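# Report on the structure
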Amino acid sequence: MNLFFRRKTDLKEEIESHLKMATADRIARGESPAAARREAMREFGNLPLIAEITRERWGWLRLERLMQDLRFALRQLRRTPAFTTTVLLTLALGIGANAAIFTLVNAVLLKDLPVADPKTLVHLGNDGHDCCVGHNGTREEGAYSNFSTDTYQQLKKNLPEFEELAAMQAGWAYRPIIARRDGALAARSVMGEFVSGNYFRTFGLRPEAGRLLIDADDLPGAPPAAVMSYETWQHEFGGDAAVVGSTFRVNTKPVTVVGIAPRGFFGDRMAVAPPDFYLPIQTMASLANASYVNDPETNWLYMIGRVKPGVALGPLQQKVNATLQQAFATQSSFSTVNGKKFLPRVHATLSPGGEGIQTLQEGYGSHLHLLMWIAGLVLLIACANIANLLLVRGLGRRTEMSVRSALGAKRSRIVRQLLTESILLAGLGGLLGLAVAYGGARMLLVLAFPGAQNLPIEARPSFAVIGFAFALSVLTGILFGVAPAWISAQARPADALRSGARTTASATSLLQRTLVVLQAALSLVLLVGAGLFSQSLSKLENTDLKLDARNRYVVHINPQAAGYSGIQLGALYRTIEDRFHAVPGVVKVGISTYVPMEDDRWSNYIVVQNYAEAKGLAGFVKANADYFDSVGTKLVMGRGIDVRDTSTAPGVTVVNQAFVQEFLGGENPIGMRIGAPDSPGDFEIVGVVENTVYTDIHLKNDPMYFVPIMQRPASNKDPIEQDLSLYAGTMVLQTAHPINDMEKLTRQTLASINPNLTVVQFQTFGEQIAVQFTGQRLIARLTMLFGALALLLATIGLYGVTAYSVERRAPEIGIRMALGAERGGVVAMVMRGALIQTALGLAIGIPVALLCVRFVKTQLYEIASADARVMTGAIVALAVATCVAGIIPARRAASIDPARALRAD
Amino acid sequence: MATKNSYQNRIELVQGTLDMLILKTLQWGEQHGYGISQAIRATSGQALQVETGSLYPALHRLERQGWVKAEWKQSESNQRAKFYKITRLGKEQLASDYERWGKMVAIIEGIMTAERGAL
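The subject of this paragraph is the overall build of chain A. Check the secondary structure of chain A and you find 28 helices and 25 strands. Per-residue burial over chain A gives 52% buried out of 905 residues. Counting only contacts in chain A whose residues sit at least 6 apart along the sequence, the fraction spanning at least 24 positions is 81%. As displayed, chain A has an accessible area near 39900 Å², and 59% of this comes from carbon and sulfur atoms.

This brings us to the overall build of chain B. Looking only at helices and strands, chain B features four helices and three strands. Looking at chain B residue by residue over its 119 residues, the buried ones come to 40%. Excluding contacts between residues fewer than 6 apart, the proportion of contacts in chain B whose partners are at least 24 apart in sequence is 50%. Within the structure as shown, chain B displays about 7300 Å² of accessible surface, and the carbon and sulfur contribution to it stands at 54%.

Residue and element names in this part refer to chain A. For helix α10 (residues 313-329), which comprises 17 residues, the first-to-last C-alpha distance of 24 Å matches the rise-based estimate of 24 Å (1.5 Å per residue) to within 8%. For α10, the full list of buried residues reads L316, Q317, V320, N321, T323, L324, A327 and F328. For α10, the arc enclosing every buried residue in end-on projection is 165°, short of the 170-degree limit, so these residues lie on one face. The outward face of α10, more than 90 degrees from its buried face, is lined by the exposed residues P315, Q318 and Q326. As for α10, its buried residues are in contact with β1 (121-124), α6 (149-158), β3 (162-169), β13 (301-307), α11 (332-335) and β14 (350-352).

Residue and element names in this part refer to chain A. Counting residues in each nonpolar core, the largest one holds 110 residues, and the members touching the most others are F200 and F706. Those residues within four positions of F200 in sequence are excluded, and the remaining contacts are L205, L212, L213, V227, A261, F265 and Y278. Counting residues in hydrophobic clusters, the runner-up holds 49 residues, among them F248, L287, V307 and F328.

In this section: the pairing of strand β20 (residues 652-656) of chain A. All names here are of chain A. The element β20 is largely enclosed, with a buried count of five among its five residues. The alternating pattern of β20 places V652, V654 and N656 on one face and T653 and V655 on the opposite face, and all of these are buried. In the sheet, β20 pairs with strand β22 (residues 679-689) via five bridges, with the strands oriented parallel. Counted as the bridge partner of N656 is V689 from β22.

The subject of this paragraph is the interface of chain A and chain B. With 23 residues of chain A at the contact, the number on the chain B side is 24 residues. In this assembly, chain A packs against chain B so that about 2300 Å² is buried in total across both faces, 58% of it on carbon and sulfur atoms. A per-residue breakdown of the area chain A buries against chain B is headed by E14(A), M21(A) and W58(A), which together make up 28% of the total. As a salt-bridge pair, E13(A) and R80(B) come within 3.0 Å of each other at their nearest N and O atoms. Counting across the chain A and chain B interface gives nine residue pairs in polar contact (both at pLDDT 80 or more).

All names here are of chain A. Taking 1.5 Å per residue as the helical rise, helix α2 (residues 33-44) with its 12 residues ought to reach 16 Å, and the 16 Å between its terminal C-alpha atoms agrees with that figure. Where α2 is concerned, the buried positions are A35, A36, A40 and F44. The buried residues of α2 all sit within an arc of 165° when viewed along its axis, so they share a single face. Opposite the buried face of α2, at more than 90 degrees from it, the exposed residues are A34, R38 and R42.

Residues and elements named next belong to chain A. Running from amino to carboxyl end, helix α26 (residues 823-856) crosses helix α27 (residues 868-894) at an angle of 155°, the nearest separation of the two axes being 8 Å. When the interaxial angle is binned, α26 and α27 end up roughly antiparallel. Between α26 and α27 the crossing geometry is right-handed. Residues R823, V826, V827, V830, M831, A834, L835, T838, L842, I846, A849 and L850 of α26 form the contact with α27, whose own contacting residues are M871, I875, L878, T882, C883, G886, I887, P889, A890, A893 and A894.

This part takes up the sheet that holds strand β3 (residues 80-86) of chain B. Residue and element names in this part refer to chain B. Read from one edge of the open sheet, three strands run β1-β3-β2, paired in antiparallel fashion. Across the chains shown, the open sheet's two edge strands, defined by having one partner strand only, are β1 (31-32) and β2 (68-74). In this sheet, β3 lies alongside β2 in antiparallel orientation, the contact comprising seven bridges. Considered in β3, the bridge of A70 is made with Y84.

Moving on, we come to the packing of aromatic side chains. Counted under the stated rule, the structure contains 22 aromatic pairs over all chains. An aromatic cluster is built from Y199(A), F200(A), F203(A), F265(A) and Y278(A), whose rings are joined through pairwise contacts.

Here we take up the packing of helix α19 (residues 569-581) of chain A against helix α22 (residues 742-753) of chain A. Residue and element names in this part refer to chain A. Between α19 and α22, the least distance of the axes is 10 Å, while the angle of their chain directions is 140°. Considered as vectors, α19 and α22 are oriented oblique to each other. For α19 against α22, the interelement crossing comes out right-handed. Facing α19, whose interface residues are L572, T575, I576, R579 and F580, α22 presents T746, T749, L750, S752 and I753.

Looking now at the pattern of salt bridges. Summed over all chains, the structure comprises 36 salt bridges over all chains. R61(B) serves as the salt-bridge partner of D19(B), at 2.6 Å between the closest nitrogen and oxygen. Of this pair, D19(B) sits in helix α1 (residues 7-27) while R61(B) sits in helix α3 (residues 52-65), placing them 42 residues apart in sequence. The same class applies to D19(B) and to R61(B), which are both buried. Ionic pairing is found between E99(B) and K103(B), a salt bridge with its closest N-O pair at 3.6 Å. In this pair, E99(B) and K103(B) both sit in helix α4 (residues 88-113), four residues apart, roughly one turn of the helix. Linked by salt bridges that have partners in common, D10(A), E14(A), E63(B) and K82(B) make up one network.

For chain A, mean pLDDT is 85; residues scoring 70 or higher make up 93% of the total. Across chain A, the element-wise mean pLDDT spans from 59 in helix α17 (residues 493-499) of chain A up to 96 in strand β8 (residues 225-228) of chain A.

Another point: a nonpolar patch on the surface. The grouping of M104(B), I107(B), I108(B), I111(B) and M112(B) at the surface amounts to a nonpolar patch, some 550 Å² of accessible area in total. Mapped onto the elements, I108(B) comes out in helix α4.

Our focus in this paragraph is unusual backbone geometry. A negative phi holds for most residues other than glycine; trans holds for most peptide bonds. All names here are of chain A. The phi dihedral of N251 is positive, around 50°, even though this residue is not glycine. Residue position: N251 is located in the loop between β9 (247-250) and β10 (253-260). Positive phi, normally seen in glycine, also occurs at T252, with a value near 75°. Look at T252 and you get partly exposed, because its relative accessible area is 23%.

About the thresholds
Residues numbered from 1 in each chain as written. Chains lettered and ligands numbered in written order. Predicted model: local features only at pLDDT ≥ 70, side-chain atom pairs only at ≥ 80, totals over all residues. Heavy atoms only, no water. Helix = DSSP H or I, 4+ residues; strand = E, 2+ residues; numbered from the N terminus. Buried < 20%, exposed > 50% of the residue type's maximum accessible area, 1.4 Å probe, protein only. Contact = heavy atoms within 4.5 Å. Areas by Shrake-Rupley, 256 points an atom, 1.4 Å probe, with all protein chains shown as cover. Expected span 1.5 Å × (residues − 1). Arc of directions from axis to C-beta. Core = buried A, V, L, I, M, F, W, Y, C linked by side-chain atoms within 4.5 Å. Pairing = 2+ DSSP bridges. Buried area = accessible area lost by both parts, 1.4 Å probe. Salt bridge = Lys/Arg side-chain N within 4 Å of Asp/Glu carboxyl O. Polar contact = N/O pair within 3.5 Å; in protein donor to acceptor, adjacent residues only side chain to side chain. Axes fitted to C-alpha atoms, helices over the stretch in contact; angles between N-to-C directions. Parallel < 35°, antiparallel > 145°, perpendicular 65-115°, else oblique. Left-handed = near helix turned anticlockwise from the far one by under 90°. Phe/Tyr/Trp six-rings, centres within 6.5 Å; stacked < 30°, edge-to-face > 60°. pLDDT = per-residue confidence, 0-100. Patch = residues over 30% accessible without salt bridge, like charges linked within 9 Å, V, L, I, M, F, W, Y side chains within 5 Å.

What follows is the structure in structure tokens.
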């Protein structure tokens, strides 16, 4: 710019000096000064126009040339639509897939919470799955991320290094609350997170409206206050200003909404359904009937703190560990002789807190990384393809380049022209890729988080992603534009013109073949991956879960949030059973704490009476009489739970076969008694059921015991109000035939019992099971998609190279045929060339694929290596693709007319 | 020559030869724009009048191509002026321009003097 202005004044001065000299000459010749000046001006001509034309010599030349190059490039691309389309599609898919995955990775794994200065936030612990409510016991490795209220308070008091130290409920996602605006009829099951009073201050947030929580809200006896999320405020209440200060019924109890959280804030961790309400920890005991809130030995809180400036993390880590050990020392698990040994190992690894609690990230991280690798491989294949296509095209245009060079075009101009072409292509491809990325990321989100609302992950590619995509595409363009451009420019025009098509560019052809071999190898790896993940998914889906999902509906309910106290529950369950049995078509009405294939569970440490070795963790489910039938669990021995097993009847239990195997070595368990270590005789085993899978398919042979829902261990002397195991979480309705409006019927029936008894979630049993396989299905589908893409790209690449070589060898093939070669022989010759490249690709790809299985083994279900079926499938797919890619050029080769081929040059 | 109100055309018309003439003039020594136009006029016996509308764009193009170099100096009449000086590249260009010019003249001459039927 400066240069431009300098030239402008420079030119003005130059013209002025010209005029002065001309005027001086005229004066010397005797003209009057005024006339001389006038005449000199007249002679000079249109001054501004001349100045402008002169300036143009400098300014626009480069831009003009670029425009010329671009126009020419566009014309060239239009002239070869097949080439252009192939390259653009390849780039769009390659870059698009990468950008889509990167968008997701960026959003899920790399994004900071939308809070002030996320860099100075520290998470005490490094495990987002150390959840949710549990007794603080000893641990072999001593790592803790989940703490009790008391521990939190001690840490907060003793660690002045933290400007603020906040605590937040670990398992809120499993404990929805029921909220109803005062005066409104419908109650809704929503997400509520209990947090410390300094929660919002720690994150440095400002309210959207009203105020955020303060320390005074989190004192025992403080009037219950809540902060609503911005999204809930907007979506459910249309941003109604009157919400602030209004009373809501949270689990039937009045709570004042004091303010709205800032827009975009989705809590302290990424979640499929972020919290709708933030409530103070101290209100939890009364609102959620959670007695454990003030139990110093029950862990249920995560901690995130903001460190003061200048605090070194090393010494802080030491101090955190020491303070934790101090806090744990007085607890029951750590005061025994044995427990004391574990105390020195107790620690909470400090980890960056700016990205929040990594629960979701830990769950999806391995999948996303795998997808990134796969997308990277596809991009590699795409690049190889484009390199090949550009090479072929560059070589095909050698004669053109020679002519241009002979006509006086400079080598640098030719190279620049070709580069412009490839960068233009890459740029266009990048743009298309962005479109693919946008659509792809949306699709990925839907596949990864089906049915998620208010998901704090955006499909819109960020600037980082756009930059990434463009850098990638331009790099590809430059990289693979330079080689052919260079080769073309190297050609001595005279040689190229003279020898025409008969030159053999052996180095280039070797490069091309190498690229094709590489593509074949990579495709095989991806195909094997696709095969493995599909196999894994089909194994998962065909696993015998020992249940029956036909005509079954799973209804999650929350009687506790609806305001029922422990002593009212027996009557409630009887009412539910009666009302639903009265609904036409309903066969069984199961009521239980948990259902099969649900991602939450309750485990207890159990012993068998008079059986010293029989002890360990067992899954614990409370259920009513209809329950086993309603989920399709079959009885193998004794009896199931029945209507006689009331709260006053003798304590009984039904165990699964895995329990019998693991605890009793297969011995007949009927009549034995089990219970907690301090009261082993609580429940008598009356029956054995099959190993229906609960929680997770990987735990399909986990020991479990089932207890009638209203029965409590005789040894449990705690008030009934504190026994959370009495609260059912689910109903399972079995019907005689599919009922379309079952959801509506269910809601109506429940509402007729109590309007606060809302449906937390309604799904068919099949849907609930399918959700468990979402991740696997996502991976299987995407690996399939990418495998197919890779195969397609490799086929195109192989076709391009074979077609090009046939074209180049046309005269040679002509001579062969003139000398008597059979058509079949020619076809075989061409096909052989293609097959050899594929075979080489296989030779490289097979060992690589076998090696790669190791890295994904943990993500596969019951598959340790690529079996013959997967391998054969991948190889056959590649072989078929090779034949398809080879047969078209081969037939063209066979149809060469010897006479014409020989005459061509 | 071209019409008076279209400088653009005039550049185009004389471009090849104008470059050559300017470079030739500069071979005698460095000169400013006014001096170049005066010199061409004088050496052509007043026959060639280089329009400023062609001269300055040409000079700046030559400068841009590196065939001439420019420098501000005092003229003999003590006037500050921008002096152009031919470069090594410019000399080469002049030689090749002149050679091409010679060939062109010869070819045109051949055509103009060809006997009918010699084809």
